[in-house]
Amino acid sequence: MVCFFSDFSLDLKLLLGLSIGQRVVTVQKGPLYRTEGSHVTLWCKVSGYQGPAEQNFQWSIYLPSAPEREVQIVSTVDPSFPYAIYTQRVRSRGIYVERVQGDAVLLHITELQAQDAGEYECHTPNTDERYFGSYSAKTNLSVIADTLSASMVPQVLTHAEGETMELTCEVSKSTTQHTHLSVSWYRLQGAGESHAEEVLALSKDFVLRPGPSYAQRFLAGNVRLNKVGNTTYKLSIGGLEPSDGGQLYCEAAEWIEDPDEMWKDISRKQTGRTSLAVMSQGRELSVNITAAENSLSEGDTLQLNCMVGVQKSSSRHFQVLWLLNGVEVARVDPHGVLIWEDEYEERAKMGQLRAFKHSNTVYVLTIYKVGLKDDGTYQCSVSEMKTPGDFHSIQTNLSSGIQVNVKPIESHMRLSMSTSTPQVVAGDALILLCEVQGATSPVSVQWWHQPPQHSGPRVLVATMEQDGTLSLGSTYQDGRTRGNLRLEKKSSGTFTLVIPNTLDEGDGGRYGCKATESSQDQSWTEEGETAVTVSSMGELGHPYFWAFKLDTLEARLEKRVDACGLRIHNAVAADEGTYQCEVKSWRRNTPPLGQPAATTRSNAVGIKAVLPDSELQVATEESSVEIAGDADTAIECRIVFAQTNSQFAVTWYLLPPPPADARPLQILRADYSSVLEYGAEFSSPAQKSRFLSQRVSRDVFWLRILSANPGDQGRYYCVVEEWLWLADGWYKLGEGASGRTTLEFKLPERELQLEKTNHSISAGEGEEVTLHCLLQGPCLPTTHLSATWFRREESGRIRPLLTLRRDGAIEYPWENLAGRLHLPRPTAGDFSLTLRSVEEGDAGVYYCQVQEWQQQSEGKDWALQASACSGYTQLTTTSPESTVLSRICSTPPLLNFILYLPLVLILLLALAVFCWYFKFRKSKKGNITGDQLMELQGAGGVEKS
């Protein structure tokens, strides 16, 4: 009995893991959910071991498609441990192991891919005297889509000291797992990320935490963060101080709780930046310069903002000078007239430079495609003038310098080449994978093949250009030999080449991939290759092929000796199509080599997945809105009924008033995750800053139009799409359009005296034309004028080209035209527009609209007093060849010659007859007399020799 209980006690200790010296491997508890593209870490540690203090670790994965097969990833001791599909990622440290201590490590996957999902195993090779305990542990990792989005309309704001500023950040997600959001606001004092200071944050636990510099103001209620609706987060800073100036942005993070009850951020997104200048009290003039980014590569765009901090800025007049390394680049006078220095004039004409007055306190300098010559220290100098025409300044202030560094373009492209089918039997498919990382612009990919024991030139297999254009090598164009090759782009840098049917041993050898990245007239190339072995077919085989209409679906092949089944899991609408099974029989050494001995196909089976019916209803009532001046307004879009678990995408459209084209113009679209996409007509920064989409509640959306003007008139409506998450992704159930809302602009009764004469101008490509717009009569000193130039195209659509605001600032709705449009303003009433480097697409009818504004009293809003449109100027464009021909054909002597051509021919015929008669007489009578010669010369009959 004593021995029995002794043995039982020992067994119990073993079962409970209480024995001394028992090895135990533990790994991070799963299942874990991480987003595609994120940096993922998995920890693993070992305890109870004997041997050296530094243990070794090996990581493997069991893929869902083959849960029984181990695929080796990385080892701390064996460089040859990784399988081919992971070799390049391990070499480039896209996957690596970090040793935390001797018996604990972290597995790093720097950029998680969809195919990285599976069951991960951490194994520790034995260092004990005997095997005792556990030597490996497993955890599951699921890869989910990154649905987090954060957006904020970039602005340039100027506020007086003591005022209140508000900024909104749109944050949304559509992850099916339970996650939390955190939203933080940061302020950048400079252009570098290291200077970012936290203003206020809403944590994942829904707790507000201010940054150190804002703690007291938060407790006093001057710094607040409010959530408005489902996706809008509003930051308010009251009692603004000059030190609040800088660049503000919002950062959103999505958090998930792991099985070990620890929260992990699985995605982070930052918005664009808003520049803020806070004006100090009094008439002191403060100047601040900011850059969206001051570390650039050749070809990038540099934007500098010069912000003037003063009180009562609307009634004061400033001249701004832009300086590079202390040398003047350009200046903008109080009227907003721009003057470039000589060495920059040509670049400005070519559209490479742009400087303008955004408002009376904000001035912008933009350099497109910066070069090394643009490297240096930038400053802006601001002078206050008593009146716009003065040449003497009241005060001048120079901003601090901002250093801009321009680096030569370098490529960080890396390429890895691998195959999941390194050894295949003739007739099987060959799958090649080419992964390109670090490329900053689209790449072209070229695949080649070099047969075994062949030292000749490599054979081109296929090419995919930067734009996605595909082409096959000459020996691979006939799909009857190797089947139809498939070249797929799985992501921005993942390319797959599939050769459906290998022919014989000659299809083995080395396959390579060459990627080329091009940017700014430079190109870089990376190459990789892998070896493939193709062996002859053994005994009679029956490969099974399922023919799908779709390229990707979640399916599994179930194969027996004489049958093969296809099982589709979680079928959805994307799986609809016609399916067939094709069977091919192969025999050893039976000609023709590489061709099946027999082929047959099954009957076709159709699959149709039915989505839930959409019950979406959108309000269709017609309405109208009338505004005056440059006020803000909002157009409403209301959902009457929809399913409770649906998400909505809203697209806003404008139907311009006649005689514009009746085709609706897309303003912007907010998808079901609140990501904004502007239409082509509204994609300029000026338009984006005025047209905003706002979700007021779950069922109500607004299109907000800031500083509306007569050019915004028309009928507005929305199209709402209903989206639902089903198993593998988002599906659109239906859509509905709202009723039209007519926006009308209440014009003043008084009309300005504007020249109404119509003109017609013809210009050749590359020439310069001036379109006239002249105000007749004097202007009152208490009024300000604004002007907008429009072009009516052949389709009837009217486009605004340029707007001169009443404070002298110029807005360009079309960025591509900004470098060619010039408003010289030689006098206050002259709004003539100069169009440089005329192009064929500039043809159309041009006119301008001038408005007169007056401020009712100090600090009050400006009211529209009068308005008028100019006469029309018809511009026709001609190519250089047609211009030359036109000038020749319009020459009067040539025109007269063509008109009198018949008469000239008759005279020439008569002259010929006379000359024949004269020669006949000379031959009969001898030489002609002097008198006769003089007679003929006077009649024009002969020429003097």
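Residues numbered from 1 in each chain as written. Predicted model: local features only at pLDDT ≥ 70, side-chain atom pairs only at ≥ 80, totals over all residues. Heavy atoms only, no water.

Another aspect to go through is the pattern of salt bridges. All told, the structure shown has 33 salt bridges when counted by the stated rule. For Asp842, the salt bridge goes to Arg791, with nearest N and O atoms at 3.8 Å. Placement of the pair is Asp842 in the loop between strand E66 (833-835) and strand E67 (844-855) and Arg791 in strand E62 (residues 783-792), with a sequence separation of 51 residues. Taking the relative accessible area as the measure of exposure, Arg791 reaches 8% and is therefore buried. (Salt bridge = Lys/Arg side-chain N within 4 Å of Asp/Glu carboxyl O. Helix = DSSP H or I, 4+ residues; strand = E, 2+ residues; numbered from the N terminus. Buried < 20%, exposed > 50% of the residue type's maximum accessible area, 1.4 Å probe, protein only.)

What follows covers the nonpolar core. Within soluble globular proteins, side chains that are nonpolar generally end up buried alongside one another. In terms of nonpolar packing, the biggest core is built from 35 residues, with Trp789, Leu821 and Val850 touching the most fellow members. Apart from residues lying up to four places away in sequence, Leu821 is in contact with Leu801, Leu802, Tyr812, Leu833, Thr834 and Leu835. Ranked by size, the runner-up nonpolar core spans 34 residues in total, among them Val308, Val329, Ala330 and Tyr344. (Core = buried A, V, L, I, M, F, W, Y, C linked by side-chain atoms within 4.5 Å. Contact = heavy atoms within 4.5 Å.)

Inspection of the entire model under this criterion finds 2 cavities of 30 Å³ or more. Quantified by volume, the largest cavity comes out at close to 60 Å³. Lining the largest cavity are Gln88, Arg89, Ser92, Arg414, Leu415, Ser416, Glu435 and Gln437. Of all the elements in the fold, those that place two or more residues in the lining of the largest cavity are helix H2 (84-91), strand E32 (414-419) and strand E34 (430-437). In terms of residue count, E32 provides more of the lining of the largest cavity than any other element does, 3 residues in total. Split into classes, the residues belonging to the lining of the largest cavity amount to 1 nonpolar, 4 polar and 3 charged. As a volume, the second largest cavity reaches approximately 50 Å³. In terms of lining, the second largest cavity is formed by Glu755, Thr757, His759, His772, Cys773, Leu774, Ser870, Gly871, Tyr872 and Thr873. (1 Å grid on protein atoms, 1.4 Å probe; cavity = no way out; pocket = protein on both sides within 12 Å on 5 of 7 lines; lining within 4 Å. Points joined across faces, edges and corners; volume = space filled by probe spheres on them. Nonpolar A, V, L, I, M, F, W, Y, C, P; charged D, E, K, R; others polar.)

This prediction gives the protein chain a mean pLDDT of 81; 83% of its residues lie at or above 70. Per-residue pLDDT stays below 50 along residues 556-561; that stretch engages in 16 contacts with residues further than four places along the chain or on separate chains. Overall, residues 884-899 carries pLDDT values under 50, and its contacts beyond four positions in sequence, including any with other chains, amount to 2 contacts. (pLDDT = per-residue confidence, 0-100.)

Let us now look at the state of the cysteines. Counted according to the given criterion, the structure contains 6 disulfides. What pairs with Cys44 in a disulfide is Cys122, and their sulfur atoms sit 2.0 Å apart. Handedness of the Cys44-Cys122 disulfide follows from its S-S torsion of about -85 degrees: it is left-handed. Here Cys122 lies in strand E8 (residues 118-123) and Cys44 lies in strand E3 (residues 40-47), a separation of 78 residues in the sequence. (Disulfide = S-S within 2.5 Å.)

Attention now goes to the sheet that holds strand E5 (residues 71-75). Here 5 strands make up an open sheet; going across it, the order is E2-E9-E8-E4-E5 and the pairing mixed. Bordering the open sheet on either side are strand E2 (32-35) and E5, each of which pairs with just one other strand. Here the average twist between neighbouring strands, direction ignored, is 30 degrees. The sheet contact formed by E2 and strand E9 (residues 136-144) spans 4 bridges and is parallel. Opposite Thr35, over in E9, you have Ile144 as the bridge partner. (Pairing = 2+ DSSP bridges. Axes fitted to C-alpha atoms, helices over the stretch in contact; angles between N-to-C directions.)

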